[in-house]
Each structure stands twice: as C-alpha cells, then as structure tokens.
Amino acid sequence: MDSKNINSILSAVVDALCAADHGEIDWEKEGGRLLPSREQVIEIIEALRSVLFPGYFGISELSNSSIRFHVGATLDRVMRLFEEQIKRGLCFTC
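Let me sum up the structure you'll find in this document. (Residues numbered from 1 in each chain as written. Predicted model: local features only at pLDDT ≥ 70, side-chain atom pairs only at ≥ 80, totals over all residues. Heavy atoms only, no water.)

## Some words on the overall build of the protein
Here's step 1: Along the backbone of the protein there are three helices and two strands.
Here's step 2: Reading the secondary structure of the protein in the N-to-C direction produces α-β-β-α-α.
Here's step 3: Scored against the burial criterion, the 94 residues of the protein give a buried share of 14%.
Here's step 4: Long-range contacts, defined here as pairs at least 24 residues apart, represent 61% of the contacts in the protein between residues at least 6 apart.
Here's step 5: Of the roughly 7,600 Å² that the protein leaves accessible, carbon and sulfur atoms contribute 60%. (Helix = DSSP H or I, 4+ residues; strand = E, 2+ residues; numbered from the N terminus. Buried < 20%, exposed > 50% of the residue type's maximum accessible area, 1.4 Å probe, protein only. Contact = heavy atoms within 4.5 Å. Areas by Shrake-Rupley, 256 points an atom, 1.4 Å probe, with all protein chains shown as cover.)

So, in structure tokens, the structure goes:
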C-alpha cells in the first residue's frame, strides 16, 4: 500500500471521527449504563506495550522460557478487558 492510499484512508477515518455527534456526555454513566473506563483502556494499552516490547515495558525479568507464557497470558487478559470496554462503548451508542 503506498503512502497516498494510507493518507487517503487516514483522512477518511479522521473525517468520520470528527463528524460524529458526541453531544454532552457524563463520562461515568449515561442513562444508568457504564461507559468505557479510562483506567481499563490505559491498562489495555500498557499490557499491549509489554507484548510488543517485552522486557522493556512491563515485566523485565522475562526469559526465553517465560516469554511465550507472558505474551499468551497478557493477550488473553487484554482480549477480555477490551471486549468489556467495547460492549460499554456499543451500549452507549445504542
């Protein structure tokens, strides 16, 4: 994919996100429903950094024998956390 296509796609995504009507939002609860948690999203990002850059972010005492377990367990936790945050976001848009 060339840079012109990437820029075009990125521009379309930015336009769509900026055009969304977010209105006035109570970020803790909207109509009794929980919205995505800022703390949980930060935890997800930190966990993904530890997978992408093992030993540099997150646990520093990784070895060749433990890295596979670390990556698998971390991605399993991220998947569950991210699924919950996506559900909260989707319930908000409904």
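From this point, things continue past the structure.
## A look at the side chain of Ser50
Here's step 1: Relative to the assigned elements, Ser50 resides in helix 2 (residues 38-52).
Here's step 2: Ser50 gets classed as buried once you look at its relative accessible area, which sits at 5%.
Here's step 3: The contact partners of Ser50, leaving out residues within four places of it in the chain, are Phe57, Gly58, His70 and Thr74.

## Some points on the side chain of Gln85
Here's step 1: Inspection of the secondary structure assignment puts Gln85 in helix 3 (residues 67-93).
Here's step 2: We classify Gln85 as buried; its relative accessible area is 6%.
Here's step 3: In this view, Gln85 contacts Pro36, Ser37, Gln40, Val41 and Ile44; residues no more than four positions away in its chain are not counted.

## A short note on a nonpolar patch on the surface
Here's step 1: On the surface, Ile9, Val13 and Leu17 cluster together to form a nonpolar patch covering roughly 280 Å² of accessible area.
Here's step 2: Mapped onto the elements, Leu17 comes out in helix 1 (residues 3-19). (Patch = residues over 30% accessible without salt bridge, like charges linked within 9 Å, V, L, I, M, F, W, Y side chains within 5 Å. Salt bridge = Lys/Arg side-chain N within 4 Å of Asp/Glu carboxyl O.)

## Description of the packing of aromatic side chains
Here's step 1: If you walk through the whole model with that rule in mind, you get two aromatic pairs.
Here's step 2: Ring centres 5.9 Å apart and planes at 65° place the aromatic pair Phe53 and Phe57 in the edge-to-face group.
Here's step 3: For Phe53, a relative accessible area of 46% gives the class partly exposed.
Here's step 4: Of the residues examined, Phe57 reaches a relative accessible area of 22% and is grouped as partly exposed.
Here's step 5: One aromatic cluster is present, built from ring pairs that chain together Phe53, Tyr56 and Phe57. (Phe/Tyr/Trp six-rings, centres within 6.5 Å; stacked < 30°, edge-to-face > 60°.)

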